[in-house]
Amino acid sequence: MIKKEFFTLSGAKGRGMLMDLTYDENFKDAPLVIFVHGFKGFKDWGAHNLVANYFAQNGYRYLKFNFSHNGTTPDNPIDFTDLIAFSDNTFSIELDDLNTVIDFAINGSAIPRANGVYLIGHSMGGGISIVKTAEDKRIKKLVTMGSTSSFHNLWPKEAEQQWKLQGIMYMLNSRTNQQMPLKASLLYDLDKHPERLNVLKKAAEITQPWIIIHGDADKTVAPTHAEQLHTAQPHAELLLIKGADHTFGGTHPYAKNTLPADLQKFCNAAIKFLNK
């Protein structure tokens, strides 16, 4: 039987990170996958829970979490109710959060101890996962889905000068119609850590097995990002899914009880890779 357990960790600056672990109770010591969500994303977006169930059915424990500064809270895990936290977010904060989650998985204090973890990172979470995988040998395999090859590609390059002058920029969330604030500290984080936060440079440093999966119809993060990542690390596998978009057919909310066809293809490819 598929089970789900919930936990809350203290993330960056003491903000709570809600997470959930999905597993088949017959395989509590199964390999552990950690899912890393993207920009303006959260752990329960769209079909993420169906994905977690599918991985559990195929012999994996699946841990997903909300970054401490993604704009949600443990009490409101699917709504952007904390825009102050969202505005204060940086890539370094997210790397710290991911490290906290891996520590939680490895130490075995609340869940069966993992002897290493697998990462699945989507979009911006893919970039975070690439950097972290290059730095942390506790990560045994990496799967990226629709990953960016540069954090600078998350906004128009021409906006950066005005953003720094004003100290803040607003990005429209087309789903919620919210104007999401981003302080210039996000840019200054990139300026302060140009080596660490260079996704392509970190991609070249990865020695663990890695598969780059991207939709060839992705209009949010173009397939050229996947090609750039593969050029930087040719030992990684590259899979372009024909006709797939940035969310592999997922929407939010997602009312169906079956995976979208393209997301099913992603899951099958990822599980086949992890099973090797």
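Note that this is a predicted model, so its numbers are computed, not measured.

Caption draft 1: Molecular detail of the overall build of the protein chain. Scanning the protein chain for helices and strands turns up nine helices and 10 strands. The C-alpha radius of gyration computed for the protein chain amounts to 17 Å, which stays within 12% of the reference 19 Å derived for 276 residues, consistent with globular compactness. When contacts within the protein chain are restricted to residue pairs at least 6 apart in sequence, long-range pairs at least 24 apart make up 69% of them. Accessible surface, the protein chain: about 11,800 Å² in total, of which carbon and sulfur atoms supply 51%. Both charge centroids of the protein chain, one from 29 positive and one from 28 negative side chains, sit 3 Å from each other.

Caption draft 2: Structural context of helix 9 (residues 261–275). An ideal rise of 1.5 Å per residue puts 21 Å on 15 residues; helix 9 measures up with 21 Å between its terminal C-alpha atoms. What helix 9 keeps buried is the set Asp262, Leu263, Phe266, Cys267, Ala269, Ala270, Ile271, Phe273 and Leu274. Tucked inside the fold, the buried residues of helix 9 contact strand 3 (32–36), helix 1 (48–57), strand 5 (117–122), strand 6 (139–145), strand 9 (210–215) and strand 10 (237–241).

Caption draft 3: Looking closely at the nonpolar core. By size, the foremost hydrophobic cluster in this structure holds 57 residues, and its most contacted members are Ile34, Phe65, Phe91, Val117, Phe151, Trp155 and Trp210. A total of eight residues in this core trace back to one element, the largest contributor, which is helix 3 (residues 91–107). For Trp155, the contacting residues outside a window of four places in its chain are Phe91, Glu160, Trp163, Met169, Met171, Leu186, Leu187 and Leu190. Among the nonpolar cores identified, the runner-up in size contains 28 residues, and Tyr54, Phe266, Ala270 and Leu274 belong to it.

Caption draft 4: Focus on the layout of surface pockets. Of the voids in this model, the largest pocket is the one considered here, and its volume is about 750 Å³. Around the largest pocket, the lining is made up of 32 residues, and of these Phe39, Lys40, Thr220, His246 and Thr247 lie nearest the centre. Listing elements by their share of the lining of the largest pocket, those giving two or more residues are helix 1, strand 7 (168–173) and helix 9. The element contributing the most residues to the lining of the largest pocket is strand 7, with three residues. Across the lining of the largest pocket, the residue classes tally to 15 nonpolar, 15 polar and two charged.

Caption draft 5: The arrangement of empty space enclosed by the protein in detail. Counted according to the given criterion, the structure contains two cavities of 30 Å³ or more. In this structure, the largest cavity spans a volume of roughly 80 Å³. Lining the largest cavity are Phe39, Phe86, Asn89, Thr90, Phe91, Met124, Leu154, Trp155, Leu182 and Leu186. Split by residue class, the lining of the largest cavity holds eight nonpolar, two polar and no charged.

Caption draft 6: View of the packing of aromatic side chains. Tallying each qualifying case throughout the model produces 13 aromatic pairs. Stacked on the ring of Phe273, the Lys or Arg Lys141 has its end atom at 5.5 Å from the ring centre.

Caption draft 7: Geometry of the sheet that holds strand 4 (residues 61–65). The strand order across the open sheet built from eight strands is 1-2-4-3-5-6-9-10, with neighbouring strands paired in mixed fashion. Of all strands in the sheet, those with a lone pairing partner are strand 1 (2–10) and strand 10, marking the two edges. Sheet twist, expressed as the average angle between the axes of neighbouring strands with direction ignored, equals 20°. Two strands pair when backbone bridges link them, and strand 6 and strand 9 are joined in this way by four bridges, in the parallel orientation. The partner of Thr144 across the bridge, within strand 9, is Ile212. In this fold helix 9 packs onto strand 3, strand 5, strand 6, strand 9 and strand 10, with an angle of close to 160° to the strand it touches most, strand 6.

Caption draft 8: Inspection of the pattern of salt bridges at higher detail. This structure, assessed with the given rule, holds 18 salt bridges. For Lys183, the salt bridge goes to Asp88, with nearest N and O atoms at 2.8 Å. Of this pair, Lys183 sits in strand 8 (residues 178–183) while Asp88 sits in helix 2 (residues 83–88), and the two are 95 residues apart along the sequence. Since its relative accessible area comes to 34%, Lys183 is described here as partly exposed. Classification of Asp88 as buried rests on a relative accessible area of 18%.

Caption draft 9: Spotlight on the side chain of His225. Structurally, the position occupied by His225 is in helix 8 (residues 224–232). Classification of His225 as buried rests on a relative accessible area of 10%. Setting aside anything within four residues of it in sequence, one finds His225 in contact with Ser147, Thr148, Ser149, Ser150, Asn153 and His214.

Caption draft 10: Structural context of the packing of helix 1 against helix 9. At a minimum axis distance of 11 Å, the contact between helix 1 and helix 9 shows a crossing angle of 35°. In the packing of helix 1 onto helix 9, the handedness of the crossing is right-handed. Only Leu263, Gln264, Cys267, Asn268, Ala270, Ile271 and Leu274 of helix 9 make contact with helix 1, whose side of the interface consists of Val51, Tyr54 and Phe55. Grouping the constituent residues of the contact of helix 1 with helix 9 by class yields eight nonpolar, two polar and no charged.

Calculation criteria
- Residues numbered from 1 in each chain as written.
- Predicted model: local features only at pLDDT ≥ 70, side-chain atom pairs only at ≥ 80, totals over all residues.
- Heavy atoms only, no water.
- Helix = DSSP H or I, 4+ residues; strand = E, 2+ residues; numbered from the N terminus.
- Rg over C-alpha atoms; globule rule 2.2 N^0.38 Å.
- Contact = heavy atoms within 4.5 Å.
- Areas by Shrake-Rupley, 256 points an atom, 1.4 Å probe, with all protein chains shown as cover.
- Lys, Arg positive; Asp, Glu negative; His and termini not counted.
- Charge placed at Lys NZ, Arg CZ, Asp CG, Glu CD.
- Expected span 1.5 Å × (residues − 1).
- Buried < 20%, exposed > 50% of the residue type's maximum accessible area, 1.4 Å probe, protein only.
- Core = buried A, V, L, I, M, F, W, Y, C linked by side-chain atoms within 4.5 Å.
- 1 Å grid on protein atoms, 1.4 Å probe; cavity = no way out; pocket = protein on both sides within 12 Å on 5 of 7 lines; lining within 4 Å.
- Points joined across faces, edges and corners; volume = space filled by probe spheres on them.
- Nonpolar A, V, L, I, M, F, W, Y, C, P; charged D, E, K, R; others polar.
- Phe/Tyr/Trp six-rings, centres within 6.5 Å; stacked < 30°, edge-to-face > 60°.
- Lys NZ or Arg CZ within 6 Å of the ring centre and 35° of its normal.
- Pairing = 2+ DSSP bridges.
- Axes fitted to C-alpha atoms, helices over the stretch in contact; angles between N-to-C directions.
- Salt bridge = Lys/Arg side-chain N within 4 Å of Asp/Glu carboxyl O.
- Left-handed = near helix turned anticlockwise from the far one by under 90°.

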